[in-house]
Amino acid sequence: MNHIDPLSQSFWQLVGSALLCGTIIGFERQLRGKPAGIRTGCLVTLGTATFISLAESQGTSSEDVARVLGQVVTGVGFLGAGVMISQEGVVKGVTTGAVIWILAAIGSAIGLGYQRGAIVLSLVTVTILVGIEKLESSVLWIARRSGGDRDGGQGGNGDGRGGPEEDGIRPRRDPGGGADGR
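Residues numbered from 1 in each chain as written. Predicted model: local features only at pLDDT ≥ 70, side-chain atom pairs only at ≥ 80, totals over all residues. Heavy atoms only, no water.

1. So, helix H2 (residues 38-57)
- For H2, spanning 20 residues, the distance from its first C-alpha to its last is 28 Å, which sits close to the expected 28 Å at 1.5 Å a residue.
- Within H2 the residues assigned to the buried category are Gly-41, Cys-42, Val-44, Thr-45, Thr-48, Ala-49, Ile-52, Ser-53, Ala-55 and Ser-57.
- Its buried side turned inward, H2 meets helix H1 (9-31), helix H3 (62-82) and helix H4 (94-111).
- Gly-59 sits one or two residues past H2 and shows a positive phi near 70°. (Helix = DSSP H or I, 4+ residues; strand = E, 2+ residues; numbered from the N terminus. Expected span 1.5 Å × (residues − 1). Buried < 20%, exposed > 50% of the residue type's maximum accessible area, 1.4 Å probe, protein only. Contact = heavy atoms within 4.5 Å.)

Here it is, written out as structure tokens:
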């Protein structure tokens, strides 16, 4: 069966599902002014779904489809790593990299024919992105009100820049000067 025939229903199901899932996640990112918005979300899900669907439509063995899937994961990992940057000892872009990774996973699910599951995964992803941030803010607020503010009112990380950064990870410093104690 040719999944990439624009006259077939399966083609438009693949395209529609990929665009819907990419838009769901990309819309949340774009509303917050974060990288990897609607265009990126749609392109990553559609591209991944297309690669997987092409591999599956060739009638090759499941090992060949798994090989294509593995290459997609590697390539998307490279894209995700490209959006991460270290500035002043803080790694930024980790959440954006993770979003690109889950977009590719959702596109893979679509390419393998799991459109409904992909839509649910998209909604779960947005719930995580929005819900965890609200939870983090609530915990910080409760800690400050209960006197748990041990950093002199500097906002949680002791450097005067506010609470935990959504896309930031501050490496631990050891007395020897290494970033991770190694």
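What follows continues from the structure just given.
2. Comments concerning the packing of H1 against H4
- In contact at an axis separation of 10 Å, H1 and H4 are set at 165° when each is read in the N-to-C sense. Relative to H4, the element H1 lies roughly antiparallel. H1 and H4 meet at a crossing whose hand is right-handed. Each of Leu-14, Ser-17, Ala-18, Cys-21, Gly-22, Ile-25 and Arg-29 in H1 lies in contact with H4, whose residues at this interface are Thr-95, Thr-96, Val-99, Leu-103, Ile-106, Ile-110 and Gly-111.
- The residue inventory of the contact of H1 with H4, partitioned by class, reads eight nonpolar, five polar and one charged. (Axes fitted to C-alpha atoms, helices over the stretch in contact; angles between N-to-C directions. Parallel < 35°, antiparallel > 145°, perpendicular 65-115°, else oblique. Left-handed = near helix turned anticlockwise from the far one by under 90°. Nonpolar A, V, L, I, M, F, W, Y, C, P; charged D, E, K, R; others polar.)

3. What to know about the confidence of the model for the protein
- Considering every residue of the protein, the mean pLDDT works out to 82; 79% of them sit at 70 or more.
- Between the elements of the protein, mean pLDDT differs from a low of 80, seen in strand E1 (residues 85-87), to a high of 96, seen in H1.
- Segment residues 152-166: pLDDT under 50, and 29 contacts once partners within four positions in sequence are set aside and those in other chains are kept.
- Under a pLDDT of 50 for its full length, residues 172-182 has, in the predicted model, eight contacts with residues more than four places off or in other chains. (pLDDT = per-residue confidence, 0-100.)

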